[in-house]
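Residues per chain, in single letters:
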Amino acid sequence: MVGSLNVDLVVSAGRWPDPGETLSAGSGVAILPGGKGLNQAGAAARAGAAVSLVGRIGSDALAGVLRGALADEGLDGRWVEADPEAGTGVALIRVGPKGENAILVVPGANGALSGAQAERAAEAIAAARVLLLQGEVPLAASLRAAQIGRAAGTAVVWNPAPAPSPGPETERLLALADWVLLNEAEVAALGGASGEEGARALAPRCGGRVVVTLGAEGALLVGSPDAPARRWRAHPVPVADTVGAGDAFAGALAAALAADRDPERAVREAMAAGALACTRPGGLPSMPRREEILRLADRG
Ligand code: RIB
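The paragraphs below set out a description of the structure included in this document. All values reported here derive from a predicted model rather than from experimental measurement. (Residues numbered from 1 in each chain as written. Predicted model: local features only at pLDDT ≥ 70, side-chain atom pairs only at ≥ 80, totals over all residues. Heavy atoms only, no water.)

What follows is about the sheet that holds strand S2 (residues 29–34). As summarised here, the arrangement of the four strands in space is S2-S1-S5-S6, forming an open sheet in which the pairing is mixed. At either margin of the open sheet sits one strand with a lone partner, and together these are S2 and strand S6 (101–106). Here the average twist between neighbouring strands, direction ignored, is 25 degrees. Across seven bridges, the pairing between strand S1 (residues 6–12) and strand S5 (residues 89–95) is parallel. (Pairing = 2+ DSSP bridges. Helix = DSSP H or I, 4+ residues; strand = E, 2+ residues; numbered from the N terminus. Axes fitted to C-alpha atoms, helices over the stretch in contact; angles between N-to-C directions.)

A separate point is unusual backbone geometry. The amide bond that connects Ala161 to the next residue, Pro162, takes the cis arrangement and shows omega of -5 degrees. Within the fold, Pro162 resides in the loop between strand S8 (155–158) and helix H6 (168–176). In this model, Asp260 sits at a positive phi of 70 degrees, which is unusual for a non-glycine residue. Within the fold, Asp260 resides in the loop between helix H9 (245–258) and helix H10 (263–278).

Inspection of the region around the ligand gives Asn6, Asp8, Gly34, Gly35, Lys36, Asn39, Ala91, Ile103, Glu136, Gly244 and Asp247 as its neighbouring residues. In this structure, Gly35 approaches the ligand through a main-chain N or O atom, which is 2.9 Å from an oxygen atom. Asn39 places a side-chain nitrogen or oxygen 2.9 Å from an oxygen atom of the ligand. Here the ligand loses 96% of its free accessible area of 280 Å² to cover by the protein chains. Comparing atom positions with the cavity grids shows the ligand to sit within the largest pocket. The set of elements that each furnish at least two residues to the shell around the ligand consists of S1 and helix H1 (36–46). Within the shell around the ligand, the residues separate by chemical class into two nonpolar, five polar and four charged. (Near = heavy atom within 4 Å. Polar contact = N/O pair within 3.5 Å; in protein donor to acceptor, adjacent residues only side chain to side chain. Areas by Shrake-Rupley, 256 points an atom, 1.4 Å probe, with all protein chains shown as cover. 1 Å grid on protein atoms, 1.4 Å probe; cavity = no way out; pocket = protein on both sides within 12 Å on 5 of 7 lines; lining within 4 Å. Sits in = over half its atoms within 2 Å of the grid points. Nonpolar A, V, L, I, M, F, W, Y, C, P; charged D, E, K, R; others polar.)

Looking now at the nonpolar core. Grouped together as the largest cluster of nonpolar side chains are 51 residues, with contacts concentrated most on Leu38, Trp179, Leu253 and Val267. Discounting chain neighbours no more than four positions away, the residues touching Trp179 are Val156, Val157, Trp158, Arg209, Val211, Leu221, Leu253, Leu257, Pro263 and Val267. Ala124, Cys206, Leu214 and Val222 belong to the second largest nonpolar core, which has 37 residues in total. (Core = buried A, V, L, I, M, F, W, Y, C linked by side-chain atoms within 4.5 Å. Buried < 20%, exposed > 50% of the residue type's maximum accessible area, 1.4 Å probe, protein only. Contact = heavy atoms within 4.5 Å.)

Turning next to the sheet that holds strand S9 (residues 179–183). Two strands in a sheet stick together by hydrogen bonds in their backbones, pointing the same way (parallel) or opposite ways (antiparallel). As summarised here, the arrangement of the six strands in space is S7-S8-S9-S10-S11-S12, forming an open sheet in which the pairing is mixed. Sheet topology places strand S7 (130–133) and strand S12 (230–232) at the edges, where each strand pairs with a single neighbour. On average, each strand axis in the sheet is inclined to that of its neighbour by 15 degrees, with strand direction left out of account. Sheet topology places S9 next to strand S10 (residues 209–213); five bridges connect them, and they run parallel. Its bridge partner being in S10, Leu182 is matched across the sheet by Val212. Together, S7 and S8 form the strand contacts of helix H5 (residues 139–152), whose direction differs from that of S7 by roughly 170 degrees. Each of S7, S8, S9, S10 and strand S11 (219–222) is contacted by H9, which is oriented at about 170 degrees to S7, the strand it contacts most.

Attention shifts here to the side chain of Asp241. Within the fold, Asp241 resides in the loop between S12 and H9. Although Asp241 is buried, it makes no salt bridge; Arg280 carries the closest opposite charge, 10 Å away. At 2.9 Å, the side chain of Asp241 forms a polar contact with the backbone nitrogen of Gly282. (Lys, Arg positive; Asp, Glu negative; His and termini not counted. Salt bridge = Lys/Arg side-chain N within 4 Å of Asp/Glu carboxyl O.)

Here it is as structure tokens:
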């Protein structure tokens, strides 16, 4: 896993304040470990995988929250480096009354993760069965990691969240990815169309397997140019908040692929994990464990 680590400052509020306005949001601030890289690493570990995380944090007080989370989740954090200058990444998260979220990320040290750092972690990347990447660290670092993984026979799974700008580096990373996982906004940004149409536009530009998560509508998998897309309905669950649901999906999918599940079964387990994460507040703390994922996935 190569990706971001953030400290999430989570507040429940009906809306952000307008310019010049001060708004009081009553229920307190939760300070939680997060970031798409750490969330997905934790999700994969809770789903049963042994996980190393390559990432970058600051040398400040917030870094302690993330070091603690790495240890608590049983993640191998030897390749998480402390930047001497940039601060730890922070995400300001507003959770609305229906559990929907809006996130403002200050990348800090995540923005200094480089291709050279990926090279320093080459041993871990090459030893992994699956390399999972997101979009919160510089594309050059993800690209170098994918090249190292590809050369070693590691399966590359890319969750371009948030979606990068279209361009040559994006195309090069797509071409190295065996799987691409996107939500509706991301498939529109990279595939130029929504849902299945966007996934079909992307499939020939990557290793061929494109999964689109559709929120309450479920998910679809385009696995071959000739076959119809495979679709699944979402598990109906009570929603506490949707923070980290996509990360639960990606981490559980990577864990299932590392355990040699077939593609459709892997997506079913990922869907179960995403649904379960919605039932609890927060990002990393909401990630489900293997037994509950299997129980829900087995229900169909
Ligand atoms: O996907 C949720 C994550 O996005 C949060 O944990 C936050 O840190 C942002 O990176």
